[in-house]
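Now for the letters of each chain:
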There are 2 protein chains.
Amino acid sequence: MKNFLLTTIALNFLASTSFAFNNPVTIQDQGSFFAGGKMIQTPGVANFSEPRNPAGQTLHGDSAYVFYQIPVNARKIPLIFLHGYGQSGKSWETTPDGRDGFQNIFLERRFKVYIVDQPRRGRAGNSTTGTTINPTTMDQLWATNFRISDFQNNLFPGVQFPEGDYARDQFFKQMTPDTGSYDNKVITDSMSALFGTIGDGILITHSAGGDPGWMTAMQNSNVRAVVAYEPGGGFAFPIGEEPAEMESSSPFGNLKPNVYSVEQFERLTKIPIILYFGDNIPSGDKPLERWELDNWRVRLNMARLFVDAVNRHGGNATLIHLPEVGIYGNDHFLFADRNNVELADLLSDWLRENQLD
Amino acid sequence: MKNFLLTTIALNFLASTSFAFNNPVTIQDQGSFFAGGKMIQTPGVANFSEPRNPAGQTLHGDSAYVFYQIPVNARKIPLIFLHGYGQSGKSWETTPDGRDGFQNIFLERRFKVYIVDQPRRGRAGNSTTGTTINPTTMDQLWATNFRISDFQNNLFPGVQFPEGDYARDQFFKQMTPDTGSYDNKVITDSMSALFGTIGDGILITHSAGGDPGWMTAMQNSNVRAVVAYEPGGGFAFPIGEEPAEMESSSPFGNLKPNVYSVEQFERLTKIPIILYFGDNIPSGDKPLERWELDNWRVRLNMARLFVDAVNRHGGNATLIHLPEVGIYGNDHFLFADRNNVELADLLSDWLRENQLD
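Scoring rules and cut-offs
- Every chain begins its residue count from 1, and numbering advances along the sequence as written.
- Throughout, the order in which chains and ligands are written sets their labels, letters from A for the former and numbers from 1 for the latter.
- With the structure being a predicted model, the display of local features is reserved for residues of pLDDT at least 70 and the display and counting of side-chain atom pairs for 80 or more, all residues being used for whole-chain, interface and lining totals.
- Calculated side-chain values reflect all of the structure's heavy atoms, with hydrogen atoms and water omitted.
- Only DSSP runs of H or I with at least four residues qualify as helices, and only runs of E with at least two residues qualify as strands; both kinds are numbered from the N terminus onward.
- Only heavy atoms matter for contacts: two residues are in contact if any of them lie within 4.5 Å across the pair.
- Computed with a 1.4 Å rolling probe, the buried area is the accessible surface lost when two parts are put together, summed over both parts.
- Salt bridge, as used here: a side-chain nitrogen of Lys or Arg that lies within 4 Å of a carboxyl oxygen of Asp or Glu.
- Pairs of N or O atoms are called polar contacts if they sit within 3.5 Å, as long as, within protein, a hydrogen donor faces a hydrogen acceptor (for residues adjacent in sequence, only side-chain-to-side-chain pairs).
- At least two bridges found by DSSP between two strands are what make those strands a pair.
- Exposure classes here rest on a 1.4 Å probe applied to the protein chains alone. A residue is buried below 20% of its type maximum, exposed above 50%, and partly exposed in between.
- The quantity known as pLDDT measures the predictor's confidence residue by residue, on a range of 0 to 100.
- Axis definition: a line fitted to C-alpha atoms, limited for helices to the stretch in contact. Angles are taken between N-to-C directions and run from 0 to 180 degrees.
- Any angle that falls under 35 degrees is termed roughly parallel, while one over 145 is termed roughly antiparallel, one within 65 to 115 roughly perpendicular, and all others oblique.
- Definitions for this section: a left-handed crossing has its near helix turned counterclockwise from the far helix by less than a right angle. A right-handed crossing has that turn clockwise.
- Gly counts as polar in this scheme, as do all residues outside two lists: the nonpolar Ala, Val, Leu, Ile, Met, Phe, Trp, Tyr, Cys and Pro, and the charged Asp, Glu, Lys and Arg.
- Least squares is used to superpose the copies, and the fit set is the C-alpha atoms of residues whose pLDDT is at least 70 in both copies.
- Stacked, tilted and edge-to-face are the three classes assigned to paired rings of Phe, Tyr and Trp, where Trp is represented by its six-membered ring and a pair needs centres within 6.5 Å; plane angles under 30 degrees give stacked, over 60 edge-to-face, the rest tilted.
- In this scheme, Lys NZ or Arg CZ marks a charge over a ring once it lies within 6 Å of the ring centre and within 35 degrees of the ring normal.

**Some details on unusual backbone geometry**
Then step 1. A positive phi angle, close to 55°, is found at Gln355(A), a residue other than glycine.
Then step 2. One can find Gln355(A) in the segment after helix H9 (340-353).

**Structural notes on the interface of chain B and chain A**
Then step 1. Contact with chain B, which involves 91 residues of that partner, is made by 90 residues of chain A.
Then step 2. Carbon and sulfur atoms supply 55% of the area that chain B and chain A bury against each other, a total of about 7,700 Å² over both sides.
Then step 3. Looking at the side of chain B facing chain A, the largest losses of area belong to Phe48(B), Arg123(B) and Thr137(B), adding up to 11% of the total buried there.
Then step 4. Run the count over chain B and chain A and you get four salt bridges.
Then step 5. Among the salt bridges present, the one from Asp117(A) reaches Arg123(B), with a minimum N-O distance of 2.9 Å.
Then step 6. There are 54 residue pairs in polar contact (both at pLDDT 80 or more) connecting chain B and chain A.
Then step 7. If you tally residues by element for the side of chain B that touches chain A, the top one is strand S1 (residues 25-35) of chain B, at ten residues.
Then step 8. Judged from the three bridges that link them, strand S7 (residues 131-133) of chain A and strand S7 (residues 131-133) of chain B form a sheet pairing that is antiparallel. Directly across from Ile133(A), in S7(B), lies its bridge partner Thr131(B).

**Re the pairing of strand S12 (residues 272-277) of chain B**
Residue and element names in this part refer to chain B.
Then step 1. Burial within S12 is extensive, with six of its six residues counted as buried.
Then step 2. Side chains Pro272, Ile274 and Tyr276 project from S12 onto one buried face, and the interleaved Ile273, Leu275 and Phe277 project onto a second face that is buried too.
Then step 3. In the sheet, strand S9 (residues 223-229) pairs with S12 via four bridges, with the strands oriented parallel. Across the sheet, the residue bridging to Tyr229 is Tyr276, located in S12.
Then step 4. Where S12 meets strand S13 (residues 316-321), six bridges bridge the pair, whose relative direction is parallel. The residue bridging Leu275 from the neighbouring strand is Leu319, located in S13.

**Remarks on the confidence of the model for chain A**
Residues and elements named next belong to chain A.
Then step 1. Per-residue pLDDT for chain A averages 94, and the proportion of residues at 70 or more is 95%.
Then step 2. Within the model, pLDDT remains below 50 along residues 1-18, and this stretch shows 13 contacts once partners closer than five positions in the same chain are excluded.
Then step 3. Scored as a complex, the prediction yields pTM 0.95 and ipTM 0.94.

**A short note on the packing of helix H5 (residues 184-198) of chain A against helix H6 (residues 210-219) of chain A**
Angle between the axes and distance between the axes: these two values describe a pair of packed helices.
Residue and element names in this part refer to chain A.
Then step 1. Where H5 contacts H6, the two axes come as close as 9 Å, and the packing angle between them is 50°. Overall, the two elements H5 and H6 adopt an arrangement that is oblique. The crossing of H5 and H6 is right-handed. Along the contact surface, H5 presents Asn184, Lys185, Ile187, Thr188, Asp189, Met191, Ser192 and Phe195, while H6 presents Asp211, Pro212, Met215, Thr216 and Gln219.
Then step 2. When the residues that make up the contact of H5 with H6 are grouped by side-chain class, the tally is five nonpolar, five polar and three charged.

**A short note on the side chain of Arg120(A)**
Residue and element names in this part refer to chain A.
Then step 1. Mapped onto the secondary structure, Arg120 falls in the loop between strand S6 (113-117) and S7.
Then step 2. A distance of 3.4 Å separates a polar atom in the side chain of Arg120 from a polar atom in the side chain of Thr128.
Then step 3. Setting aside chain neighbours within four positions, we find Arg120 in contact with Asp62, Gly125, Ser127, Thr128, Thr129, Pro177, Asp178, Thr179, Gly180, Ser181, Asp183 and Val186.

**Section: the relation of the copies chain B and chain A**
Then step 1. By a simple turn and slide, chain B fits onto chain A: the slide is 0.0 Å along the axis, the RMSD is 0.0 Å, and the turn is 180°. Such a combination of rotation and displacement between the chain copies is what one expects of a two-fold axis.
Then step 2. Of the interface residues in chain B, 99% have counterparts in chain A that sit at the interface too, so the contact is made through matching surfaces.

**Brief notes about the packing of aromatic side chains**
Then step 1. According to the stated counting rule, one finds 53 aromatic pairs over all chains in the structure shown.
Then step 2. Aromatic side chains Tyr68(A) and Tyr114(A) sit 5.7 Å apart centroid to centroid with 25° between the ring planes, which places their arrangement in the stacked category. Of the two residues, Tyr68(A) is situated in strand S4 (residues 64-71) and Tyr114(A) in strand S6; the sequence distance between them amounts to 46 residues.
Then step 3. Tyr68(A) sits in the buried class, given a relative accessible area of 6%.
Then step 4. The interplanar angle of 55° and the centroid separation of 5.9 Å between the aromatic rings of Phe171(B) and Phe172(B) together place this pair among those described as tilted. The residues Phe171(B) and Phe172(B) share a single accessibility class, namely buried.
Then step 5. Lying across the ring of Trp296(A), Arg299(A) places its NZ or CZ 5.8 Å from the centre.

Below is the structure:
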């Protein structure tokens, strides 16, 4: 049985390699480094004779891990990818069924690509705060909330998530826990340090990465544009213009607006912004029994108000609800869905229209 | 002050980019996937109406994360890199001072390169067992034990670790905690699954990765060779031939041999094996006050006995203590030291001599 499983996986893997780069990509430079973070030190004097005594010793944590690749003849402005909750930079790499993710697709399109693990997650695990990790069987909660499959692992009808055990297995394995307390300010500071190091860039966020995405754009003017795939954490509003809390049957509760000074908020009006939302998101103002749909109903509703606020203050924000432009079946990981090349084409077009490529 | 720091880091980073690939590298394919691991399920029936009830739901964990790159005109047998304790695949990427690590160096030399995060660490953080993470200031313990610097952050005299605050900062930030209980069997099973998927490969381990390295080679005949940089976890011996526990002043205690059946052990005699140890490791049979040196004294001593045992049983194992071949100053992260190209040349030569390239 074990050998059978290995063979199945091997066949799947071999099959998947047929989805490699359409053409080889020549890389000028690649590497990794840590951005931002801080050092803490326990009071006292470090003593060689007591190596396990923390007194006087230091710990470095709360930085972002970044893997970058620079293709030859690269376009000028790099793409910086920030993942969502329970994820790492893996989100943007190979898709669960072994196709090219946005990392490879945009390398092929001659963009410089920076893939981030946010502080206290993945390879950026060293944290200045502690936590307890209690593994809990919650795959079905997540896959349902992501509009991929139900509590019996049946795919949503017509969903763009790939079929089969291999893809489901790989998708669930890419989740990874927090290694310290979750803190949008810590994430934002590390992202701002990253933009301080590399200069101008286009910030591409997913889900919970949306919130520190807006915050980074307000904090560092090197952020030349924000592209947000189903931002789910929260939305920024200028004080006095925030909408009321939106009631939802989501297990994650109601959705509250995040409020900033007008001056802070208006920094978001200086750059092009685009938000993409997938399929199976209902409209309306009332909570629904289908909590996984309702979770996204309120987010899409508030995203529309956010876009209105940015544009009312003179900005350039766009929201694309994919079914409204004839693209159906996308789940919460739309950039990894079966039609992710079509999604990449949409982004390429937008970057071109905004002279960002 | 903050701006000053950012500028310093930016300058360091820009300086570091002069260490990019000597020539651009053309990549045929690259991507990532998870190998091995398991699914656990809570008894009961998963119920949409109680999304936070774990009953009937699953969790996928304990797999290895793997990022691979295949250059054009690649050599046949890939290199698989397994990091050491408190580390992730980052160990093998860019060095703390921004030079090419073994990932880039061996890509340039046309090897297929697979970089692993072991289960319950880094991007492979999803674990089926829990843990509590208590950040503790222990940088100086680690840097001293690694023969890099002392409890006042002074570099060891003549050490090959790069100078300066930037390199020290980056080095400490790349440490990352376990997200579940540490288990060599879990690591070995995932590595064996990886070799089951990709076929023949050369396993390159560091430090605590050495132990699951020997175990993987005994478990999966696709491991065509093992290259161990300062294996620190433990050494394999056939039952009845194991040496006595070695007394040490190391804060990690005495060093015990790991015992296997003769049949298991002799699988290590079917493949070429090489071990590299750096500088500042004393000889002798008595514990020393300098515990950081003593920690490696017993490991080097037992490594020599391991090599003898493999060769006594008909194997092909070599131990290179670098000062004995005229290479001085290497610390525990020798493959990232200032002379790491020289270290890579040694490995290239050995691979060629054993017809593995």
